[in-house]
Every structure is written in C-alpha cells, then in structure tokens.
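# Examining the three-dimensional arrangement
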Amino acid sequence: MIRVSILYPNTEGSRFDLDYYLNTHMPMTERLLAPKLKGMIVEHGIMGTTAGSKPAYIAMCHLLFDSVDAFLEVFMPHRASLTGDIPNYTDVEAVIQFNDVKIMR
C-alpha cells in the first residue's frame, strides 16, 4: 500500500480556507479518485512542538492506494479538475510525497 501525502506549509501571510477544503475539495477528490482510493485522512495543524507555537503545516491530506500505478490511473484523468480547484482554497504551494506504508494498524 502507498500513501500520497499532501502537506500545506503554514506560511506567514498565506491563505487557507479550511471550510472549502473540507466541504468542497475533499468530497470532490474522494468522488473522482474512487474506487481506487482506499482511504483518506485529512488533518488540520493546531500547534508546533512547543506550547503556543504555530504548526509547521496548516493542513495535511493523506490518500491511500494499493500502488503508485493505481493512484496515477485515477488521478491523471482528473488532474486538471483537482489542481485547478486549488486556488479556491489556498495560495500555499503544497509539498507532495509518495510513501510506501510499512506498518498500519
């Protein structure tokens, strides 16, 4: 199993519309990437490593697929729709990483 992690750095002065992301973008993502999408986790950063500090990431999304090929099979036909929606919720440039899941309980 692989996990595609999309991390949105908490950049000073940036814009991130969490309501739009959760209620519009993520349901669209789930619908377009089904049935290959095996799971989805969305997180909102609340604090860094010390009390009261800002989180390193304002939001994170983790998408689970059987393989990179399975991800690409469903993502590529919808790439323009998904990436074209980004300006509706943020001006942050996301960090994207593909991970090979070793332990999941």
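What this report covers is the structure whose coordinates are included nearby. In this numbering scheme, every chain counts its residues from 1 along its sequence in written order. Given that this is a predicted model, residues contribute local features only at a pLDDT of at least 70 and side-chain atom pairs are listed and counted only at 80 or more, while totals for whole chains, interfaces and linings are drawn from all residues. Hydrogens are left out, water is left out, and the side-chain values use all remaining heavy atoms of the structure.

### Re the pattern of salt bridges
- Definition used for salt bridges: Asp or Glu carboxyl oxygen within 4 Å of a side-chain nitrogen of Lys or Arg. With the rule as written, the count across this model stands at four salt bridges.
- Where lysine 36 meets glutamate 73, a salt bridge forms, and the shortest distance between an N and an O atom there is 3.7 Å. With lysine 36 in the loop between helix 1 (18-33) and strand 2 (39-44) and glutamate 73 in helix 2 (residues 68-75), this residue pair connects regions lying 37 residues apart in the sequence.
- As a salt-bridge pair, lysine 38 and aspartate 66 come within 3.9 Å of each other at their nearest N and O atoms. Of this pair, lysine 38 sits in the loop between helix 1 and strand 2 while aspartate 66 sits in the loop between strand 3 (57-65) and helix 2, placing them 28 residues apart in sequence. Runs of E in the DSSP output that reach at least two residues are strands. Runs of H or I that reach at least four are helices, and both are numbered from the N terminus.

### Here we look at helix 1
- A bend of about 30 degrees at histidine 25 is the largest found in helix 1, and the proline proline 27 appears one to four places after it.
- Of all the residues in helix 1, the buried ones are Tyr20, Tyr21, His25, Met26, Met28, Thr29, Leu32 and Leu33.
- Check the buried side of helix 1 and you find it contacts strand 1 (2-9), strand 2, strand 3, helix 2 and helix 3 (79-84).
- Residues adjacent in sequence count toward polar contacts only when both atoms are side-chain atoms; beyond that, a polar contact is any pair of N or O atoms within 3.5 Å, and within protein one must be able to donate a hydrogen and the other to accept it. Here helix 1 starts with a cap whose side-chain oxygen sits 3.3 Å from the backbone nitrogen of aspartate 19, and that cap is aspartate 17. Bend angle per residue: angle between axes fitted to the 7 residues ending at that residue and the 7 residues starting there. Relative accessibility decides the category of a residue: with a 1.4 Å probe and only protein chains considered, values under 20% of the type maximum give buried, values over 50% give exposed, and everything between is partly exposed. Note on contacts: a residue pair qualifies if any of its non-hydrogen atoms lie within 4.5 Å across the two residues.

### Thoughts on the sheet that holds strand 1
- Strand pairing requires that DSSP identify at least two bridges connecting the strands. Read across the open sheet, the four strands follow the order 2-3-1-4; overall the sheet is antiparallel. Pairing within the sheet leaves two strands with one partner each, and these edge strands are strand 2 and strand 4 (95-100). Each adjacent strand pair in this sheet contributes to an overall mean axis angle of 15 degrees, direction not counted.
- In this sheet, strand 3 lies alongside strand 1 in antiparallel orientation, the contact comprising eight bridges. Within the sheet, the bridge partner assigned to arginine 3 lies in strand 3 and is leucine 64. Angular values range over 0 to 180 degrees, each being the angle between N-to-C directions of two axes fitted as lines to C-alpha atoms, with helices fitted over their stretch in contact.

### Quick look at the packing of aromatic side chains
- Pairing of aromatic side chains requires ring centres within 6.5 Å, counting the rings of Phe and Tyr and the six-membered ring of Trp. Pairs whose planes differ by under 30 degrees are stacked, by over 60 edge-to-face, and all others tilted. The tally for this structure, following the rule as stated, stands at 10 aromatic pairs.
- Considering the side-chain rings of tyrosine 21 and tyrosine 89, the 4.9 Å spacing of their centres and the 50 degrees angle between planes classify their relative orientation as tilted. With tyrosine 21 in helix 1 and tyrosine 89 in the loop between helix 3 and strand 4, the pair connects residues that are 68 residues apart, well separated along the chain. Accessibility assignment for this pair places tyrosine 21 and tyrosine 89 in one class, buried.
- With centroids separated by 5.4 Å and ring planes inclined at 75 degrees, the aromatic side chains of phenylalanine 71 and phenylalanine 98 adopt a geometry described as edge-to-face. Of this pair, phenylalanine 71 sits in helix 2 while phenylalanine 98 is found in strand 4, placing the two residues 27 residues apart along the sequence.
- The exposure class assigned to phenylalanine 71 is buried, which follows from its relative accessible area of 7%.
- Using a relative accessible area of 39% as the deciding quantity, one classes phenylalanine 98 as partly exposed.
- By the ring-pair criterion, three or more aromatic residues cluster together here, those being Tyr8, Phe16, Tyr20, Tyr21 and Tyr89.

Interpretation note: all reported values are geometric properties and have no functional meaning in isolation.
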